[in-house]
Every structure is written in C-alpha cells, then in structure tokens.
Amino acid sequence: MTSELNILVVDDDAYLLDLLIETLTTIGYDAIGAPNAVEALKMLETSEVNLIITDIKMPQMDGIEFARTIRRTYPDLPIVFISGAFTPSVLRQIEGEPYIPKPFRINQIEKIIEDVANRVAMPVKSKPGDMILVVDDDDSFRLMLIESLKLSGYTVAGVGDGISAVERIKKGGISAVITDVKMPGMDGISLAKYIHKQWPGIPVVLITAYLNFDEVPDMERQAADGYLMKPFKIEAVTSLLKDLGKDASITT
C-alpha cells in the first residue's frame, strides 16, 4: 500500500527530520530528507518524489516560498505543511493545502498522507498523439504560429502558459510541444524538464530570442530537443518538426 509512495521531508530541525524519516520508513514509505528548502530543490532534480512534507519556518527559504517555487516546476506534486504556528496569515498563504500542527502523533501524519495520496492523482505518462501544442503568453504570436502550422498540414492546439500546457498534455493526443522560454509562472525551461520527466516520448522545442545557437545557455540546451531562434520562418518550424519525426503527413 505505502511502498510506492516516495516522500521528501524538509525540516531544519535535525532531530525531528531524522525521527520523521525513520518513522515513515518503518511504516513502509520510502522517505528521504533535506535540512532546508535549497537542498530539497536539488534533491527533486535527481530523486523520484511523490509527496513533500515541509516545515514552514526555515532559514534561507521558508516553507511557503519553497512551495511556490515547487509549483512552478512540479504543479501536481502534493505538499503537506507542518508547523508550530499556523496563524490566520499563514493559513491564508498556504491556500487550504493539507497541514499538521506541531507537536503531532505519527498516526495523524499517516492519515493525512493516505488522504492526500488517495485524493491527488499522480501524473499520468500518456502516450504521444498526433497534435502539436504551441505554448506562448504572447496571444498574437501564438495564434500566428498555430495558423501557420495548420496551413502546413499540422493539427495544432495552443495555450498561454506552462501550467495550462501540463493540463492539456494530460488529456492526451500531443506529439510535440513548441514553447516560448520566457513566460510567467512556469517558464519554458521548467516546462520542458517537467515534460521530459513525465512524458519522455514528447519532444520539446524552445523558442528563444538569442541571436544564434552558440549563445543558447547550457541549461536551455539540456532541456530542449530543438530550438527556434526568433524571428523565424515557418519553414524552419516544419523542418525541425520533420527532424523530430513529426512530419505533417503523420499528424493530420
């Protein structure tokens, strides 16, 4: 029942952190820990995590800011807050997410973990489909690119931000994603990393304003399967899609 759930515990209280990890492991969960939010973010890049339990009052980055940072890259990752001071202000900031006041009994945290696991659907690794998804917060540019791709024979959908892109991909039928890099909320690089983790069969093309490929930062190079340098002609898009195996002849 619990063995498939990987939990990351974040707390600057070393004693409580070790105790909670040991207790969760004894119950049957796979639990790892981080002494602060900065280390936790690094661990998320290399570890499979299904749920986070985090303290709120921590140095460097508190639990609330930590949660907001997580939401930009892992919008579906459930978070449980633990704290000794859930004031009305704190409760407003965590926006109704599950929480447990300190001190707590282990049966309390076990119950809330099970409730969260049952209520929150884990990301579905859907199979690639036959539609190109364009993601850009510039409405005019997004609509222009969608219409141009349709005229070239592609089936296309469009959304204005990274979070909406994730929700659209979950519905299935997406074979490739073309996304702008700079967007509010979840930017294009974060979106690309999330897609590669959850749907590794879906290639991601980043739209960037860099003048040439040599200027593209390593972070972007590692995140994307291809690039489109602004401004670009529609032929550049269709050529890149063909290279990625997304020829219009198989997507219409």
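This text goes with the structure placed above it.
Just so it is clear, the model here is predicted, and its values are computed rather than measured.

About the criteria used
Residues numbered from 1 in each chain as written. Predicted model: local features only at pLDDT ≥ 70, side-chain atom pairs only at ≥ 80, totals over all residues. Heavy atoms only, no water. Core = buried A, V, L, I, M, F, W, Y, C linked by side-chain atoms within 4.5 Å. Buried < 20%, exposed > 50% of the residue type's maximum accessible area, 1.4 Å probe, protein only. Helix = DSSP H or I, 4+ residues; strand = E, 2+ residues; numbered from the N terminus. Contact = heavy atoms within 4.5 Å. Pairing = 2+ DSSP bridges. Axes fitted to C-alpha atoms, helices over the stretch in contact; angles between N-to-C directions. Phe/Tyr/Trp six-rings, centres within 6.5 Å; stacked < 30°, edge-to-face > 60°.

### Side note on the nonpolar core
Then step 1. With 48 residues, the main nonpolar core has Ile52, Leu133 and Val177 as its most contacted residues.
Then step 2. In terms of residue count, helix H8 (residues 188–198) provides more of this core than any other element does, 5 residues in total.
Then step 3. With near-sequence residues (within four places) excluded, valine 177 lies in contact with Leu133, Val135, Ile169, Ile195, Ile202, Pro203, Val204 and Val205.
Then step 4. Core analysis: the next-biggest nonpolar cluster, separate from the first, contains 19 residues, Leu5, Leu51, Val80 and Ile109 among them.

### Details of the sheet that holds strand E5 (residues 99–101)
Then step 1. Taking strand neighbours across the sheet as the criterion, the 5 strands line up as E2-E1-E3-E4-E5 in an open arrangement whose pairing is parallel. The outermost strands of the open sheet, each flanked by one partner alone, are strand E2 (30–34) and E5. Between one strand axis and the next, the sheet turns through 20 degrees on average, direction left out of account.
Then step 2. Pairing of strand E1 (residues 6–10) with strand E3 (residues 51–55), which is carried by 4 bridges, proceeds in the parallel orientation. Residue pairing across strands places valine 9 opposite isoleucine 53, the latter belonging to E3.
Then step 3. Here helix H1 (residues 14–27) sits on the sheet and contacts E1, E2, E3 and strand E4 (79–83); the angle it forms with E2, its principal contact strand, is near 170 degrees.
Then step 4. Across the face of the sheet, helix H3 (residues 63–73) comes into contact with E1, E3 and E4 while running at roughly 175 degrees to E4.

### Describing the packing of aromatic side chains
For any pair of aromatic rings, the description rests on two quantities: the centre-to-centre distance and the angle between the ring planes.
Then step 1. As enumerated under the stated definition, the model contains 4 aromatic pairs in all.
Then step 2. Between the aromatic rings of tyrosine 74 and tyrosine 194, the centroid separation amounts to 6.5 Å while the plane-to-plane angle is 70 degrees, which identifies the pairing as edge-to-face. One end of the pair, tyrosine 74, is in the loop between H3 and E4; the other, tyrosine 194, is in helix H8, with 120 residues separating them in the sequence.
Then step 3. Ring geometry for tyrosine 194 versus tryptophan 199: centroids 5.9 Å apart, planes at 70 degrees, classification edge-to-face. Here the two residues tyrosine 194 and tryptophan 199 agree in accessibility, since each one is buried.

### Quick notes on the sheet that holds strand E10 (residues 226–229)
Hydrogen bonds along the backbone pair up the strands of a sheet, which may run parallel or antiparallel.
Then step 1. What the 5 strands build is an open sheet, ordered E7-E6-E8-E9-E10; its pairing is parallel. The sheet is open, and its two borders are formed by strand E7 (156–159) and E10, each paired with just one other strand. Taken pair by pair, the neighbouring strands of this sheet meet at an average axis angle of 20 degrees, ignoring direction.
Then step 2. As paired strands, strand E6 (residues 131–135) and strand E8 (residues 174–180) are joined by 5 bridges and run parallel to one another.

These values are about where atoms sit, not about what they do.
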